[in-house]
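# Observations on the three-dimensional arrangement
What follows is each chain in one-letter form.
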Amino acid sequence: MKMLFELDEEKRLFRQTVRDFAEQEIRPHVDRLWETGEFPYDIVRKMGELGLLGIPWPEEYGGAGGDYLAYAIAVEELARVDGSCAITVEAHISLGSAPFYYYGTEEQKREWLVPLAQGRILGSFGLTEPEAGSDAGNTKTRAELKDGQWVINGTKCFITNPGTEMSGVVTITAVTGIRPSGKKEISNIFIPKGTPGYNIAPKYKKMGWHASDTRELNFVDCKVPESNLIGKRGEGFKQFLDCLDGGRIAIAALAVGTAQGAFEEALRYAKERVQFGQPIGKFQGVSFKLADMATEIEIARNMAYKAAAMRDAGVPHTKEASMAKLFASEMCMRTTTQAVQIFGGYGFMDEYPVSRFFRDAKILEIGEGTSEVQRMVISRELGL
Amino acid sequence: MNLVVCVKRVPDTAESEVHIDASGKDIDKSRLSFGINECDNYAVEEAIQIKERLGGTVTVISLGPKENDEVIRMALAKGGDEAIRLEDEAFDGGDGFAVAKALAAAIKGLEFDIVFTGALADDDGYAVVPAALGELLGVPHATYVKKVEILEDGKRAKVGRELEGGLLEFLEIELPCVLGIQTGINEPRYASFKGIKQAAKKEIAIKSAADLGLDPSEVGESGSWAVLEKFTPPVVGEMAEILEGDPEETAAKLAAILKEKGLV
């Protein structure tokens, strides 16, 4: 029985590469990005050149030919330095590109997955609506087939990546009919940026992730060809649930990276900051906090990697992905909270990175399925 | 152009506390992370850039245990073609000269136009290898190289050496030669995921002292001119003068001292 969890050389080198990239190309800009909320075009383009925007997709579709574990490692390493860059990559891959890879026709893959994977354009996924958050079945956006075209009307909110100069396409869930059972038939349809009737609102002002692009989208009689349907009509719900399994693993990795970043700041500070004549890390009140933080990060990392390895092995992993996302995001909130506590008053100041990590953590308990939804998914998997 | 680049794996001590280990001859490396020597990273990039411009091959060589494979593979992932790792207990404890002897023995069997090394190592900082290697191979060498331009005939190179105060000394050097590369000569690339995958398939040839035709007494500690006796922490000097008082006072005192010593 093989139980020694160890990354192989390929993964270790890849981690090193992403870490070097994040340290050298992202870290010097983090404060400015946080301050201004500017989208980091230079960084995103460089990530594209490195293949980071298409890690899990095959080389024949412009990807790096990696797997989900490599992707999770990359997101973790990016988040350790900057959450905005990490979520930009995560949403682009798990949500913006995955529907094309998993359900797209060969032609759709050639036309859209290739430029997405190569990082020439950014992709988005539009699921959430003002009245359809956790209750995704309550989708109101409609797509009616008229004269060989989908006519789309509705609103999507909290969408990542749609409004940058690099944004190319959004895939949305829309009601395309009513089933004989009376339930809504939901399908996935993609809409290229620039399509008339596809309106993109200004950026939201957010608690965290200042430099990521998050917007409301509005569709008014927006027409796209019938061939813009992704996968089979009526399978939109099933498709995005599967994409979300993958997304949750990546969000778990993002939470691990965010927590790791905050932890490293706190550890260094605990060794440097002197109070009552000794470094505060010598006091049990602080050292035990750090011991707990390190322990929880280790648990969450193992959960995320295991779920990623299961996805790569092609075995069912809905439960493990949900558990990893649930635990890692809540762990990240606890860890970043303690990191701020260790910094004391300085932790409340914007100029200290722990304050940024703390604010970036909260959304992880909400996005791509709230903690409550994860508990629902897990209980369902338990047969409840 | 056939290019050889020698790389060393060193501990990263920039952000770690460094302690002397029980032997007194080394530091405790158990909690340190390791990576390629900084100068060597630039040497790898320079070799790959020249190969990309002029064609040829890049052979990566490293002396050390299996852990060095990671450093070698990263160089392969960036564009290196072949790799050799020199591993033998007989190499242990060698100084820069002994290391250069092992490297030279490995390089003698190759066709080469330029051998790149880092100008100095981050750990021991001897800066001996490039010069010793040049002598042992019987070819000219230059160190602290911050610019390399292969001249049109392909038989000479114009190299800029970094001097004090940021000055560059330019000289023409005949190929084949050894160049000790200084940081900042280029912008080292990041390995792509594709490159990493391809590098995983490449073979790293392992060579012992015997494979290189070296007698164990020629290399390692017994083949060294300098032998490390012990490490000691720097003695806290009595020369330091701590200025006390509020910022205005200390600034005034400092200014007075600088003036008195003729430093401003």
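Residues numbered from 1 in each chain as written. Chains lettered and ligands numbered in written order. Predicted model: local features only at pLDDT ≥ 70, side-chain atom pairs only at ≥ 80, totals over all residues. Heavy atoms only, no water.

## Digging into helix H5 (residues 83–103) of chain A
The α-helix advances 3.6 residues per turn, and as a result positions three or four apart in sequence lie on the same side. All names here are of chain A. Here H5 is 21 residues long and its end C-alpha atoms lie 29 Å apart, about the 30 Å a rise of 1.5 Å per residue gives. Here H5 lies mainly inside the structure; 18 of its 21 residues are buried. The opening residue of H5, the one whose side-chain oxygen lies 3.3 Å from the backbone nitrogen of Ser84, is Asp82. (Helix = DSSP H or I, 4+ residues; strand = E, 2+ residues; numbered from the N terminus. Expected span 1.5 Å × (residues − 1). Buried < 20%, exposed > 50% of the residue type's maximum accessible area, 1.4 Å probe, protein only. Polar contact = N/O pair within 3.5 Å; in protein donor to acceptor, adjacent residues only side chain to side chain.)

## Examining the packing of aromatic side chains
Residues and elements named next belong to chain A. The final tally for this structure, using the stated rule, is 19 aromatic pairs over all chains. A centroid spacing of 5.0 Å and a plane angle of 65° characterise the contact between Phe39 and Tyr41, whose relative ring orientation is edge-to-face. Between the aromatic rings of Tyr198 and Phe219, the centroid separation amounts to 5.0 Å while the plane-to-plane angle is 20°, which identifies the pairing as stacked. Taken together, the positions of Tyr198 in strand S6 (residues 198–200) and Phe219 in strand S7 (residues 214–225) put the pair 21 residues apart, joining distant regions of the chain. Summarising the burial analysis for this pair, Tyr198 and Phe219 share the class buried. What links up through ring pairs into an aromatic cluster is the set Trp57, Tyr101, Tyr102 and Tyr103. The ring of Tyr68 carries Arg311 above its face, with NZ or CZ at 4.8 Å from the centroid. (Phe/Tyr/Trp six-rings, centres within 6.5 Å; stacked < 30°, edge-to-face > 60°. Lys NZ or Arg CZ within 6 Å of the ring centre and 35° of its normal.)

## Some remarks on the sheet that holds strand S5 (residues 82–86) of chain B
Picture the strands of a sheet paired through backbone hydrogen bonds; they go either parallel or antiparallel. All names here are of chain B. The sheet built from nine strands is open, its strands ordered S9-S8-S7-S10-S6-S1-S4-S5-S11 with mixed pairing. Because the sheet does not close on itself, it has two edges, and the strands there are strand S9 (168–174) and strand S11 (204–207). Direction aside, neighbouring strands of the sheet carry axes that sit 35° apart on average. Inspection of the sheet shows strand S6 (residues 114–118) paired to strand S10 (residues 177–181) by five bridges, in the parallel sense. Paired with Gly118 across the bridge in S10 is Ile181. Along the sheet, helix H3 (residues 96–108) contacts strand S1 (2–7), strand S4 (57–63), S5 and S6; its crossing angle with S4, the most-contacted strand, is approximately 145°. (Pairing = 2+ DSSP bridges. Axes fitted to C-alpha atoms, helices over the stretch in contact; angles between N-to-C directions. Contact = heavy atoms within 4.5 Å.)

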